[in-house]
2 protein chains.
Amino acid sequence: MSDMLAGTSRNTRQRAEVLTLLDEVPDFRTAQQLHALLVRRGARVGLTTVYRTLQLLLDAGEVDVTRPPGGEQLFRKCSRSQHHHHLVCRQCGATVEVEGPAVERWADRVAQEHGFTDVGHTLEIFGTCQACAGIAG
Amino acid sequence: MSDMLAGTSRNTRQRAEVLTLLDEVPDFRTAQQLHALLVRRGARVGLTTVYRTLQLLLDAGEVDVTRPPGGEQLFRKCSRSQHHHHLVCRQCGATVEVEGPAVERWADRVAQEHGFTDVGHTLEIFGTCQACAGIAG
DNA sequence: TTGGTATTGAAAATGGTTATCGATTCTAGT
DNA sequence: ACTAGAATCGATAACCATTTTCAATACCAA
């Protein structure tokens, strides 16, 4: 697992299980879904530990989180660590990483024009992917 | 209150109180904050009713909702009913309505290119407004 | 006015997420 | 290896925003 976390952290079996799973699942998933997947494959990891590890990975910038309108938090280990956004299927969580340099500039400019500082933004695109449209279309 | 809601709905005192308050508060507020404001001014409205009325107004497209990372839902009656986005102060909820036609087109094009249908997006800019920066800057 | 129905709201339930805390496990030092 | 000390685990309880329940009430058409 190398040094997934800085400072005083330990490489435990549980964290390795969560990291391995995240590498295998390409879609956005809830913490509870990830925990269920771990249990199903026989990995003995508590739900609490899944939440904690995801929070650690979030702080380390190793995973992304998004929250669809009316839904719970979704986690995903993205291929790129740089700033980007997502196109996410509402049904299955299938994800496409997208970049929008023009959007970044636009958001920063708008905020600056109104005297806002310490600016950040959230931008996610939600829809139904081709596979899910074919099933329940 | 006129016909704020279609179909079988009634013009109750409680709904009028919530609507009046929303017209007076220019910033994004949580349901609980709005309820507290109502109680403070002597309006006898239950928290449940505030939640329910906000949901009705949401369905009717009369109020907007946003959810800052790690926070609860924020509600606001916007001046324009057409699609737009917000620049919101993390501290006080001060809000600026903004439009980004280029962003809309970009989001729809990206989704279409990947075969997604029934597409929507969330885009909000969060920061610290000038007033709050002056207080705790 | 009156009857039927939508609405209210206090209280309880819900459900995702976080805190507790004793048991366990890793790591460094010897 | 052994041991001490700290980090981690995880079952359980707590948290808290939001929703549901359901009996009492308020609205409105006739």
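The rules behind these values
Sequence order sets the numbering: in each chain, residues are counted from 1 along the sequence as written. All chains are assigned letters beginning with A, and all ligands numbers beginning with 1, in the order in which they are written. With pLDDT at 70 or above as the cut-off, local features in this predicted model cover only qualifying residues; side-chain atom pairs require 80 or more to be listed or tallied, and sums for whole chains, interfaces and linings still use all residues. Each side-chain value is worked out from all heavy atoms of the structure, with water and hydrogens disregarded. Secondary structure elements are defined from DSSP: runs of H or I of at least 4 residues count as helices, runs of E of at least 2 residues count as strands, and each element is numbered from the N terminus. Each residue gets one of three labels from its accessible area relative to the maximum for its type: buried under 20%, exposed over 50%, partly exposed in between, using a 1.4 Å probe on protein chains only. By the convention used here, residues are in contact when the closest approach between their heavy atoms is within 4.5 Å. The protein chains shown are the only cover counted for residues, whose accessible areas, like all others here, come from Shrake-Rupley with a 1.4 Å probe. For each residue, the test is whether any non-hydrogen atom lies within 4 Å of the molecule or strand; if one does, the residue is near. We call two N or O atoms a polar contact when they sit within 3.5 Å, provided that within protein one can donate a hydrogen and the other can accept it, with sequence-adjacent residues counted only if both atoms are side-chain atoms. Under the convention adopted here, Pro, Cys and the residues Ala, Val, Leu, Ile, Met, Phe, Trp and Tyr are nonpolar, Asp, Glu, Lys and Arg are charged, and Gly plus all remaining residues are polar. The buried area of a pairing is the accessible area, by a 1.4 Å probe, that goes missing from both parts when the two are put together, added over both. Here, a salt bridge means any Lys or Arg side-chain nitrogen found within 4 Å of an Asp or Glu carboxyl oxygen.

Draft legend 1. Looking closely at the overall build of chain A. The helix and strand inventory of chain A stands at five helices and five strands. For chain A, the α and β elements follow one another from N to C terminus as α-α-α-β-β-β-β-α-β-α. In terms of overall dimensions, chain A has a C-alpha envelope of 50 × 50 × 25 Å along the principal axes. Here chain A holds 137 residues, and 44% of them are scored as buried. Taking all contacts inside chain A whose residues are at least 6 apart in sequence as the whole, residues at least 24 apart take part in 48%. Roughly 7,500 Å² of accessible area belongs to chain A as shown, and the carbon and sulfur atoms make up 48% of that amount.

Draft legend 2. Layout of unusual backbone geometry. Phi at aspartate 118 of chain A is positive, roughly 55°, even though this residue is not glycine. Its relative accessible area of 56% is what places aspartate 118 of chain A among the exposed residues.

Draft legend 3. Local environment of the protein's contact with DNA strand D. Neighbouring DNA strand D are 20 residues, the closest being Thr12, Gln14, Thr49 and Arg52 of chain A together with Tyr51 of chain B. Note that a phosphate oxygen of DNA strand D is positioned 3.0 Å from one of the side-chain N or O atoms of arginine 15 of chain A. Separating a phosphate oxygen of DNA strand D from a backbone N or O atom of arginine 44 of chain A is a distance of 3.2 Å. Looking at the surface near DNA strand D, the elements that each hand over two or more residues are α1 (13–24) and α3 (47–59) of chain A together with α3 (47–59) of chain B. Among the residues making up the surface near DNA strand D, the classes are represented as two nonpolar, 11 polar and seven charged.

Draft legend 4. Seen up close, the interface of chain B and chain A. Facing the 37 residues of chain B at the interface are 37 residues of chain A. Both sides of the chain B and chain A interface together cover about 2,900 Å² of buried area, and 65% of this is carbon and sulfur. Per-residue buried area on chain B facing chain A is highest for Trp106, Phe116 and Thr122 of chain B; these three make up 23% of the total on that side. Our count for the contact surface shared by chain B and chain A stands at two salt bridges. Here aspartate 118 of chain B and arginine 90 of chain A are joined by a salt bridge, their closest N and O atoms 3.6 Å apart. Seen at the junction of chain B and chain A, the total is nine residue pairs in polar contact (both at pLDDT 80 or more). Of all the secondary-structure elements, those providing two or more residues to the side of chain B that touches chain A are β3 (85–89), β4 (95–98), α4 (101–113), β5 (117–128) and α5 (130–136) of chain B.

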